[in-house]
Amino acid sequence: MNNPLYTILVADDEPNVRSLLSNILRKEGYEVVTAKNGRETLAVFKKASPDLILLDIRMPGPDGIETFNQIRQENDDVLVIMMTAHGTIETAVQAMKMGAFDYLVKPFNLEEIKLMIQKAFKMRQISAELTVLREVTADSNLHNIIFESPMMQDVLHLANIVSKNDTTVLLRGESGTGKDLLARYIHANSARAEYPFVKIHCGALPDTLVESELFGYEKGAFTGAIGRKYGKIELAKGGTLFLDEIGEIPLQTQIKLLRILQDRDFERLGGTETLKTNARFIAATNKNLEEAILQKEFRTDLFYRLNIFPIHIPPLRERREDLPKLTEHFIQHFCRELGRPPLTLSAETLLLLQLYDWPGNIRELENTIERAVILTMGEQITPQVLPQNINKFRGPSPEIFAPSESDRSLKDVMGDIEKQIIKKVLKETSGNRSKAADKLGISRRALHYKLVEYQLAEEE
């Protein structure tokens, strides 16, 4: 992947230095603007909003140090590398104590310049990730999707295909199905993986804050705007911007978002300069956007811009064969986190988990297992530690849990439970798949997968 659209301001009173650095940096893929004195540097800085400034210490009106001070008052996030001769190194070091990233000594080593700029942008990326609270973990399975079902195999197949492209993706599915994790998976498997993954939860912000979070703002844009703030779009430069719960975004903001998707440009609130973005957009929603369009709550043109590559994540009740692996994963995770020995599931607990519909999907399963691990006193998780809404299914244990079969795997036991339930419902509905799917609370497509998996299609 080429350098993202980073802009560098070269500020030096020597024409040869400006020309040399401009040519080198443009060949490296950066956008370059120049200034020949302090006054011009401040004017170009306000107009071009550079990501990094190469700032000469000895410049006319004002000098580099005073120019640096004024820039810091406007924006304390911009990267500044001071350029100095041997006689002013102490001044450059003082500038670093004031917040400059580093300094270069003339005459320049060209490779050193390139490496220092790369290092500066790498540091800025890390800072941006911290700003947006990007999850950082040592767990090597962070971006792994845990599944067994054919339905999730199809989902991962689509995710792997689209991760190799920069196409806009729309993730659809109920709350708690793992849309956030799938968005991170797509990013982690893309050419953008080394750049930030920036998330904004559109439904968690008041309407008045959505635009300032997305686009950023200039000093004085509104009461309380005491300095420039980068928006999520700028922080995602080169990486991925994840718009979670896109269906909750205000109509007025939808118009501006449409422009970004079409033209890739925007302005900060209170600003006049048009900025460019090369971020990749992934949106997610648990809302019926088609219904929202009919209710005049969502723009049709924005929907079609977002819906280029839709991926539907099925609810957990339609892919119960994923329960064993997910359950084992959460048990192991919370046992490690709570510092306790490994736990197992009793046969009856396993049955109850399988019979429950999980309206909160994987998030609800995770919370349920965490609670169960905390409450379990022995070595086995029993029904007594499950919430009442799951415990209501308690009854005589089926023959499937006979002692002779107690050593069977979690996956096999759950599979047999589900197979028995499907056979029973098909019998009750006289083999009508649509009625059976409705009664089971799953889609007809999901039922078809299960009939094939359990070899029940031939028995109808």
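See the structure above.
The following paragraphs examine the structure supplied in this document. (Residues numbered from 1 in each chain as written. Predicted model: local features only at pLDDT ≥ 70, side-chain atom pairs only at ≥ 80, totals over all residues. Heavy atoms only, no water.)

### Digging into the overall build of the protein chain
Counting secondary structure elements, the protein chain contains 19 helices and 16 strands. The buried share of the protein chain, reckoned over its 460 residues, is 49%. Of the contacts formed within the protein chain by residues at least 6 apart in sequence, a portion of 70% connects residues at least 24 apart. (Helix = DSSP H or I, 4+ residues; strand = E, 2+ residues; numbered from the N terminus. Buried < 20%, exposed > 50% of the residue type's maximum accessible area, 1.4 Å probe, protein only. Contact = heavy atoms within 4.5 Å.)

### Some details on helix α13 (residues 323–338)
Given a rise of 1.5 Å per residue, 16 residues ought to cover 22 Å, and the 22 Å separating the end C-alpha atoms of α13 matches this to within 8%. Within α13, the full set of buried residues consists of L323, P324, L326, T327, F330, I331, F334 and C335. Buried residues in α13, looked at end-on, bunch into an arc of 165°, giving them a common side. In α13, those exposed residues whose orientation departs by more than 90 degrees from the buried face are R336 and E337. Following α13 by one or two positions, G339 adopts a phi angle in the positive range, close to 65°. (Expected span 1.5 Å × (residues − 1). Arc of directions from axis to C-beta.)

### Observations concerning the packing of helix α8 (residues 207–215) against helix α10 (residues 251–263)
For the pair α8 and α10, the least separation of the axes is 10 Å and the interaxial angle reads 20°. As far as their axial angle goes, α10 and α8 are roughly parallel. For the pair α8 and α10, the crossing hand works out as left-handed. Of α10, the residues touching α8 (which contributes V210, E211, L214 and F215) are Q252, T253, K256 and I260. Across the contact of α8 with α10, the residue classes tally to four nonpolar, two polar and two charged. (Axes fitted to C-alpha atoms, helices over the stretch in contact; angles between N-to-C directions. Parallel < 35°, antiparallel > 145°, perpendicular 65-115°, else oblique. Left-handed = near helix turned anticlockwise from the far one by under 90°. Nonpolar A, V, L, I, M, F, W, Y, C, P; charged D, E, K, R; others polar.)

### Thoughts on the packing of α13 against helix α15 (residues 361–375)
Closest axis-to-axis distance for the α13/α15 pair is 9 Å, and the angle between their directions is 45°. Between α13 and α15, the angle falls in the class oblique. Considering the relative orientation of α13 and α15, their crossing is right-handed. Residues L323, L326, T327, F330, I331, F334, C335 and L338 of α13 form the contact with α15, whose participating residues are I362, L365, E366, I369, E370, V373 and I374.

### Focus on the pattern of salt bridges
As enumerated under the stated definition, the model contains 30 salt bridges in all. Here K256 makes a salt bridge to E211, at a shortest N to O gap of 2.8 Å. With a gap of 45 residues between them, K256 in helix α10 and E211 in helix α8 connect regions that are remote in the sequence. What emerges from the salt-bridge pattern is a single network uniting D12, E14, D56 and K106. (Salt bridge = Lys/Arg side-chain N within 4 Å of Asp/Glu carboxyl O.)

### Describing the pairing of strand β3 (residues 52–56)
For β3, a buried count of five out of five residues is recorded, marking the element as mostly surrounded by other parts of the structure. Along β3, one buried face is formed by L52, L54 and D56 and the opposite face, lined by I53 and L55, is buried too. Bridge count between strand β1 (residues 7–11) and β3: four bridges; the pairing is parallel. Looking at β3, one finds that V10 is bridged to L54. In the sheet, β3 pairs with strand β4 (residues 79–84) via five bridges, with the strands oriented parallel. Note on β4: the bridge partner recorded for L55 is M82. (Pairing = 2+ DSSP bridges.)

### Concerning the sheet that holds β1
The parallel open sheet is built from five strands, whose spatial order is β2-β1-β3-β4-β5. On the outer flanks of this sheet lie β2 (31–35) and β5 (102–105), each paired with one strand and no other. The mean inter-strand angle of the sheet, taken between neighbouring strand axes irrespective of direction, is 20°. Against the sheet, helix α2 (residues 38–48) contacts β1, β2 and β3, and its axis sits at roughly 150° relative to β2. Packing of helix α3 (residues 64–74) onto the sheet brings it into contact with β3 and β4, and relative to β3 it is tilted by some 155°.

### What to know about α2
For α2, the complete set of buried residues consists of G38, T41, L42, V44 and F45. Take α2 and look down its axis: the buried residues cluster within an arc of 170°, on one side only. Projecting away from the buried face of α2 at angles above 90 degrees are the exposed residues R39, K46 and K47. Its side-chain oxygen placed 3.2 Å from the backbone nitrogen of R39, N37 serves as the N-cap of α2. One or two steps after α2, the chain reaches S49, where phi turns positive at roughly 45°. (Polar contact = N/O pair within 3.5 Å; in protein donor to acceptor, adjacent residues only side chain to side chain.)

### A few points about the nonpolar core
It is characteristic of soluble globular proteins that their nonpolar side chains tend to be buried jointly. Within the largest apolar cluster, 50 residues are counted, with the highest numbers of intra-cluster contacts made by M82, L214, L241, L243, I246 and F298. With residues up to four places along the chain from it excluded, the contact list for L241 reads V198, I200, L214, K232, I233, A236, R280, F281 and I282. (Core = buried A, V, L, I, M, F, W, Y, C linked by side-chain atoms within 4.5 Å.)

### Concerning the sheet that holds strand β7 (residues 197–201)
Spatial ordering of the open sheet is given by β7-β10-β13-β6-β14, a layout of five strands whose pairing is parallel. Each edge of the open sheet is held by one strand with a lone partner, namely β7 and β14 (309–312). Geometrically, the sheet is characterised by an average inter-axis angle of 20° between neighbouring strands, direction not taken into account. Sheet analysis places strand β6 (residues 169–172) next to strand β13 (residues 280–285), joined by four bridges and oriented parallel. Looking across to β13, one finds that L171 is bridged to A284. Packed on one face of the sheet, helix α6 (residues 150–163) meets β6, β13 and β14 and runs near 155° to β14.

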